[in-house]
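One-letter residues, chain by chain:
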Amino acid sequence: MESSMYRDSNQVMDSYYSWRYKLALGGCALALVVVILGAFTRLADAGLGCPDWPGCYGHLTWPDETHEIQAANAAFPNTPVDNSKTWPEMVHRYFAGTLLLLVASLLYLSWRRPKQRTFKHTHYLMGLIILQAAFGMWTVTLKLWPQVVTAHLLGGMATLSMLWLLVERMRHGENSSLNKKYHTLHKLLPLAILTTLVITVQIALGGWTSSNYAALACPDFPTCHGQWLPQADFRAGFNIFQQIGPNYLGGALESDARTAIHLSHRIGALLVTLMVLTLAYLTWRAGSRSWAIVLIALIALQVSLGIANVVMFLPLPIAVAHNAGAALLLLGILTFCYRIYSSKPSEISENLYKANYELNKPKLTGNM
């Protein structure tokens, strides 16, 4: 009887974890779609495709009939309807709204098991996505103010990252598949964390480049306007205390300021590349060749897309793929960090490591 009850209880818990895991994994996939749709909306200049929020010209979807368009134009005479820009904005909003509902479902399931280790994680995630919704509203009401647009991009990346880490915590728990390489890979954790921070700053620079329309400020590669050090106004380019203007569609900065932003993003890309390749090399040396290959592939893809954006004059598909590549690179390095951080050596491997150290210690001392 007790055995049957214990088995039934385990089945209920397994079902609960399976349901939560599938929901979190689906949320992660949906968050990636939202990030890509946000990039598409921004790069297609559709960020103000709907001048109001949360609807579009007072509609739940967007005006598409002749009489609806006429009424919308009369209500918003300064922003006439452009059907090529209304639908990307509203599709992005609906996907983002669906993601909010999905995270709310994860929060509800967490309250049913408040003692689970992901309880606080789910609450932080819910708070973040509510803040992200606010940034989405401010993006419209403040007319694409670069500070808000960049923060909105970072919020989307943060939401995606937290959902992915939730999936990782459910999948691996406190232990990961890297236990056998714990003693070697754990030494790489500080560098991996630093690389993650640098990638995050680079994503912020990418958002600042896009929101200030500086992606084509340097039309050639690897030089900029045929020079290695062209004239650039860094003070104006990174003046984050600029006043809120009437409209930032198309950008409000002078050419030299945009050049400074673009150059900074290129320098950041070079730094990220060097750090990721260094981490990949050390990971290969440590014996984890699969992770080294993954890191090299991710950075190679992202650098190639970045160069293609410049030499091909920012084609929309490649520009959107560049944003998706940044998200994948961030997720890859976060996964690497988490699995090293959460891994714990088994008792057997720990004892073998200590025994091997003690055995070789006299030899090492004698050689010195």
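Every value quoted in this text rests on a predicted model; they were computed, and no experiment measured them.

A.B. asks: Now, about the overall build of the chain: what can you tell me, with residues and values included?
C.D. replies: On a plain count of helices and strands, the chain comes out with 12 helices and zero strands. Tracing the chain from N to C terminus, the helices and strands come up as α-α-α-α-α-α-α-α-α-α-α-α. Burial statistics for the chain: of 368 residues in total, 45% are counted as buried. Expressed as a percentage of contacts within the chain between residues at least 6 apart in sequence, the contacts between residues at least 24 apart total 79%. With the model as given, the accessible surface of the chain reaches about 19800 Å², and the carbon-plus-sulfur share is 66%.

A.B. asks: Quick rundown of the packing of aromatic side chains? Include the residues and the values.
C.D. replies: Per the counting criterion, the structure on display carries five aromatic pairs. Measuring from ring centre to ring centre gives 6.0 Å for Phe-40 and Trp-87, while their planes differ by 35°; the resulting arrangement is tilted. Placement of the pair is Phe-40 in helix α1 (residues 2–43) and Trp-87 in helix α3 (residues 83–112), with a sequence separation of 47 residues. On the basis of relative accessible area, Phe-40 is assigned to the partly exposed category, the value being 24%. Centre to centre, the rings of Phe-135 and Trp-138 are 5.3 Å apart; their planes meet at 85°, and the pair counts as edge-to-face. Taken as a pair, Phe-135 and Trp-138 lie in helix α4 (residues 119–141) at a separation of three residues, close to a single helical turn. For Trp-138, a relative accessible area of 33% puts it in the partly exposed group.

A.B. asks: Tell me what's going on with unusual backbone geometry, and back it up with residues and numbers.
C.D. replies: Along the chain, Trp-53 connects to Pro-54 via a cis peptide bond; the corresponding omega equals 5°. Going from Phe-221 to Pro-222, the amide bond is cis rather than trans, its omega being 10°. With respect to the helices, strands and loops of the structure, Pro-222 is situated in the loop between α7 (189–211) and α8 (234–237). Non-glycine residue Asp-45 carries a positive phi angle of around 60°. By secondary structure assignment, the location of Asp-45 is in the loop between α1 and α2 (66–75). Phi at Tyr-213 takes a positive value of approximately 55°, unusual for a residue other than glycine.

A.B. asks: Can you break down helix α9 (residues 255–285) residue by residue, with the values?
C.D. replies: Taking 1.5 Å as the rise per residue, α9 with 31 residues should run 45 Å; its terminal C-alpha atoms sit 45 Å apart, in good agreement. Following α9 by one or two positions, Gly-287 has its phi on the positive side, about 105°.

A.B. asks: Account for the pattern of salt bridges, naming residues and giving values.
C.D. replies: If charged atoms from side chains of opposite charge come close, those side chains can pair. Counting across every chain of the model gives three salt bridges. Here Glu-89 ties to Arg-93 by a salt bridge, and the two come within 3.0 Å at their closest N and O atoms. One end of the pair, Glu-89, and the other, Arg-93, are both in helix α3, four residues apart, so they sit about a helical turn from each other. Assigned by exposure class, Glu-89 and Arg-93 land together as buried. Arg-171 is the partner of Glu-168 in a salt bridge, and the nearest nitrogen-oxygen pair spans 3.1 Å. Of this pair, Glu-168 and Arg-171 both sit in helix α5 (residues 146–172), three residues apart, which is roughly one turn of that helix. Relative accessible area serves as the criterion here: at 0%, Glu-168 is assigned to the buried category.

A.B. asks: Go over the state of the cysteines with me, naming the residues and quoting the values.
C.D. replies: By the definition in use, this model includes two disulfides. Each sulfur in the disulfide pair Cys-50 and Cys-56 lies 2.1 Å from the other. The S-S bond linking Cys-50 to Cys-56 shows a torsion near -80°; that makes this disulfide left-handed. Taken individually, Cys-50 and Cys-56 each receive the classification buried, so the pair is uniform in this respect. Each sulfur in the disulfide pair Cys-218 and Cys-224 lies 1.9 Å from the other.

A.B. asks: Before we move on, could you go through the packing of α9 against helix α10 (residues 289–311) and cite the residues and values that matter?
C.D. replies: Axis separation between α9 and α10 bottoms out at 8 Å; the angle between their running directions is 160°. Compared by their axis directions, α9 and α10 come out roughly antiparallel. The handedness of the crossing between α9 and α10 comes out as left-handed. Contacts from His-262, Arg-266, Val-272, Thr-273, Val-276, Leu-277, Leu-279, Ala-280, Thr-283 and Trp-284 in α9 reach Arg-289, Trp-291, Ala-292, Ile-293, Leu-295, Ile-296, Ile-299, Val-303 and Val-310 in α10. Partitioning the contact of α9 with α10 into residue classes produces 14 nonpolar, three polar and two charged.

A.B. asks: So what about the side chain of Asn-212? Which residues, and what values?
C.D. replies: Looking at the element boundaries, Asn-212 is found in the loop between α7 and α8. The contact partners of Asn-212, leaving out residues within four places of it in the chain, are Pro-146, Gly-251, Leu-253, Arg-258 and Ile-261.

Conventions used here
Residues numbered from 1 in each chain as written. Predicted model: local features only at pLDDT ≥ 70, side-chain atom pairs only at ≥ 80, totals over all residues. Heavy atoms only, no water. Helix = DSSP H or I, 4+ residues; strand = E, 2+ residues; numbered from the N terminus. Buried < 20%, exposed > 50% of the residue type's maximum accessible area, 1.4 Å probe, protein only. Contact = heavy atoms within 4.5 Å. Areas by Shrake-Rupley, 256 points an atom, 1.4 Å probe, with all protein chains shown as cover. Phe/Tyr/Trp six-rings, centres within 6.5 Å; stacked < 30°, edge-to-face > 60°. Expected span 1.5 Å × (residues − 1). Salt bridge = Lys/Arg side-chain N within 4 Å of Asp/Glu carboxyl O. Disulfide = S-S within 2.5 Å. Axes fitted to C-alpha atoms, helices over the stretch in contact; angles between N-to-C directions. Parallel < 35°, antiparallel > 145°, perpendicular 65-115°, else oblique. Left-handed = near helix turned anticlockwise from the far one by under 90°. Nonpolar A, V, L, I, M, F, W, Y, C, P; charged D, E, K, R; others polar.

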